[in-house]
Amino acid sequence: MKYGLDELFPLIQELSKKYTQNSSTSIPYETAQQLMEAILYCINEKSEENEALVTGQMPANAAYETGYQVLIKKIEATLQLYDQIMKNYNDYGNTAYKDTVFHGLPEFFRRYDPQFCPQDHLLTLDYPVLVDLHEFQGGDLIVKYVNCIWLEQQFLAKLPVNHVTKVLSQSPQGYQDLFVNLCAIVVKKILCSMLIHQKDWEITFSDREYRALGNQIKELGQVALSERLTAFLQFTINSGFDRNEQLFNYLKNSIDNMVVELINGAEREHLHLVV
Amino acid sequence: MNLLELMTVEQQKQELLRVMDCNKVTEKFGLTLSEKEAKDLMVCRKESLKENLRIEFEGGILPQIIYEFCDSQYINQRSYSETISELQEIFYYYKNESMDLLTDDELLDFMRKQFDEVCFGDLDYLKGTCLERFAGAVRAGCQCHMQSRERDEYTIGDESNEYFSLSQETRWEYELFKIAIEEMD
């Protein structure tokens, strides 16, 4: 919904008074721009209740107030989800994970400014999640990010801790100081174990098993391999994770990259460096 | 004319009335602004805001500057409009230089005190020494007397000028001057 400057001007006037606590009659251009972005950010907050906004019937100040309240509720819900995550939190020794989730996110909740700068998410979010969040910013980005971390923690928590730690430690590229997604490494191991018909997923493969894996990958090709791995993932989630569709859709995002790595690894006969 | 333009025109009319209203107080000190001078001041205000990359939404600082300085012994009718215009420019410049860490009242309070007691009405001196050092001190984390509540209704009689702790100028001392005069006699 587009609003003209004549509707937004009184809003920014009001917000600048609050920002300066009525103690300054002027503000720098940068501050005015920041406040304008804050107003537009709140107006753009989508909600099922905001039908009038979607149809263009809501005046700008009401749209702003509604969007602001929606944003506050989202952040509060995300904080509760974060508290839930921290009950059984485990970063498995990965530095980026710890810095972002354990140290970084509490600072976000402490310092986030939904009124005057909701568009600033404050953190660099170094630990990579499996979905592309670049189109989001501000509070919304953190909401999505925390949701991803919640899904990851749910997935990893159901697996034996020493298994996960060993799989990560034996990951050829290492994992503790790298900006790698932990779930992607573990899922790759599980799905490759299933590809070579292992009954329980093994931490280490023998040379014979790597050869079998390589043959299987070459035989399937890219499309079929992707379908097979997706089916295995679906089976894993259905049998071990209560058919959690959200979790399946999240982990499925790792399959495209996985397929490329496995095919390259099989062609160059260095699967031991890939999985 | 769209709604925004109408709002702006109306706002400018109100601001002009506010500035002209100041004459009711300032005429006691022999200072008045004609309508042309008031309009010129508002044009200067617009240019100064643009130059300093600032935006004012309503009201504006002009009436406050007028009320703050109208009883200064260093302002007379002949230079009134020009002085107010320069003070306005200095004000916006130092709001930026102090990174908006000072409220309008705090900055104006400092400017007025230094204008009278240290600069004796010299605006170049005010801009080039007192305010420059003060803004630097504020950026470094120093709190002015008003911020730390040293200047309130309980300490009105306090004569210490906070600029003296920042000053780097060599000043003549009145007591030494008095002794020298007495010795000559």
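Residues numbered from 1 in each chain as written. Chains lettered and ligands numbered in written order. Predicted model: local features only at pLDDT ≥ 70, side-chain atom pairs only at ≥ 80, totals over all residues. Heavy atoms only, no water.

1. Description of unusual backbone geometry
- Backbone geometry places Asn22 of chain A, a non-glycine residue, at a positive phi of 60°.
- Looking at the secondary structure, you find Asn22 of chain A in the loop between α1 (5-20) and β1 (26-28).
- Of note in the backbone geometry, Met99 of chain B takes a positive phi value of approximately 55° without being a glycine.
- Inspection of the secondary structure puts Met99 of chain B in the loop between α5 (80-97) and α6 (104-117).
- For Met99 of chain B, a relative accessible area of 54% puts it in the exposed group. (Helix = DSSP H or I, 4+ residues; strand = E, 2+ residues; numbered from the N terminus. Buried < 20%, exposed > 50% of the residue type's maximum accessible area, 1.4 Å probe, protein only.)

2. Here we look at the packing of aromatic side chains
- Going through the model one piece at a time under the given rule, you end up with 16 aromatic pairs over all chains.
- A ring pair is formed by Phe110 of chain B and Phe134 of chain B, whose centres lie 3.7 Å apart and whose planes are at 10°; its orientation type is stacked. Taken together, the residues Phe110 of chain B in helix α6 and Phe134 of chain B in helix α7 (residues 123-139) connect sequence positions 24 residues apart.
- Taking relative accessible area as the criterion, Phe110 of chain B reaches 1% and is therefore assigned buried.
- Every member of this aromatic cluster is reached through a ring pair, and the members are Tyr82, Phe108, Phe109 and Tyr112 of chain A. (Phe/Tyr/Trp six-rings, centres within 6.5 Å; stacked < 30°, edge-to-face > 60°.)

3. Points about the interface of chain A and chain B
- If you look at the interface, chain A gives 16 residues, while chain B gives 21 residues.
- Between chain A and chain B lies a buried interface of about 1,600 Å² when both sides are counted; carbon and sulfur atoms form 59% of it.
- Here chain A is connected to chain B by 0 salt bridges.
- In this structure, the connection of chain A to chain B is made through 7 residue pairs in polar contact (both at pLDDT 80 or more).
- Mapped by element, the contributors of at least two residues to the side of chain A that touches chain B are α1, β1 and α2 (29-43) of chain A.
- Its residues assigned to classes, the side of chain A that touches chain B comprises 8 nonpolar, 6 polar and 2 charged.
- Summarising the sheet, β1 of chain A and strand β1 (residues 54-56) of chain B pair through 3 bridges and their orientation is antiparallel. In the sheet register, Ser26 of chain A faces β1 of chain B, and the bridge partner there is Glu56 of chain B. (Contact = heavy atoms within 4.5 Å. Buried area = accessible area lost by both parts, 1.4 Å probe. Salt bridge = Lys/Arg side-chain N within 4 Å of Asp/Glu carboxyl O. Polar contact = N/O pair within 3.5 Å; in protein donor to acceptor, adjacent residues only side chain to side chain. Nonpolar A, V, L, I, M, F, W, Y, C, P; charged D, E, K, R; others polar. Pairing = 2+ DSSP bridges.)

4. Remarks on the nonpolar core
- Membership of the largest hydrophobic core comes to 93 residues, with the highest contact counts inside it found for Phe155 and Leu251 of chain A.
- Beyond its immediate stretch of four places on either side in the chain, Leu251 of chain A contacts Leu130, Phe155, Cys183, Val187, Leu233 and Ile237 of chain A.
- Counting residues in each nonpolar core, the second largest holds 40 residues, with Leu49, Ile61, Ile65 and Cys119 of chain B among its members. (Core = buried A, V, L, I, M, F, W, Y, C linked by side-chain atoms within 4.5 Å.)

5. Points about the packing of helix α9 (residues 207-240) of chain A against helix α11 (residues 255-267) of chain A
All names here are of chain A.
- Interaxial distance between α9 and α11 falls to 9 Å at its minimum, and their mutual angle equals 165°. The pairing of α9 with α11 is recorded here as roughly antiparallel in orientation. Crossing angle aside, the handedness with which α9 passes α11 is right-handed. Along the contact surface, α9 presents Gly214, Ile217, Lys218, Gly221, Gln222, Leu225, Ser226, Leu229, Thr230 and Leu233, while α11 presents Ile255, Asp256, Met258, Val259, Leu262, Ile263, Ala266 and Glu267. (Axes fitted to C-alpha atoms, helices over the stretch in contact; angles between N-to-C directions. Parallel < 35°, antiparallel > 145°, perpendicular 65-115°, else oblique. Left-handed = near helix turned anticlockwise from the far one by under 90°.)

6. Notes on the state of the cysteines
All names here are of chain A.
- Under the counting rule described, the total for this entry stands at 0 disulfides over all chains.
- For the unlinked cysteine Cys42, the closest cysteine sulfur is that of Cys117, found at 11 Å.
- With relative accessibility at 0%, the residue Cys42 sits in the buried group. (Disulfide = S-S within 2.5 Å.)

7. Brief notes about the environment of Phe120 of chain B
All names here are of chain B.
- When you line up the elements, Phe120 lands in the loop between α6 and α7.
- Along the primary structure Phe120 and Gln73 are separated by 47 residues, whereas in three dimensions their C-alpha atoms are 8.9 Å apart.
- Setting aside residues up to four positions removed in sequence, Phe120 forms contacts with Tyr74, Gln114 and Phe115.

8. Some remarks on the environment of Ser23 of chain A
- Following the sequence through the fold, Ser23 of chain A ends up in the loop between α1 and β1.
- Relative accessible area serves as the criterion here: at 26%, Ser23 of chain A is assigned to the partly exposed category.
- For Ser23 of chain A and Leu159 of chain A, which are 136 residues apart along the polypeptide, the C-alpha to C-alpha distance reads 57 Å.
- Discounting chain neighbours no more than four positions away, the residues touching Ser23 of chain A are Thr103 and Asp104 of chain B.
- Within the local environment of Ser23 of chain A, its side chain forms a polar contact with the backbone oxygen of Thr20 of chain A, the two atoms lying 2.5 Å apart.

9. Some thoughts on the pattern of salt bridges
All names here are of chain A.
- Here the structure, examined in full by the defined rule, presents 17 salt bridges over all chains.
- Taking the shortest distance from any N to any O, the salt bridge between Glu107 and Arg110 comes out at 2.3 Å. Within this pair, Glu107 and its partner Arg110 are both found in helix α5 (residues 95-111), separated by 3 residues, close to a single helical turn.
- Residue Arg110 is classed as exposed on the basis of its relative accessible area, which comes to 59%.
- Shared partners join several salt bridges into a network, and the residues in it are Glu45, Lys74 and Asp140.

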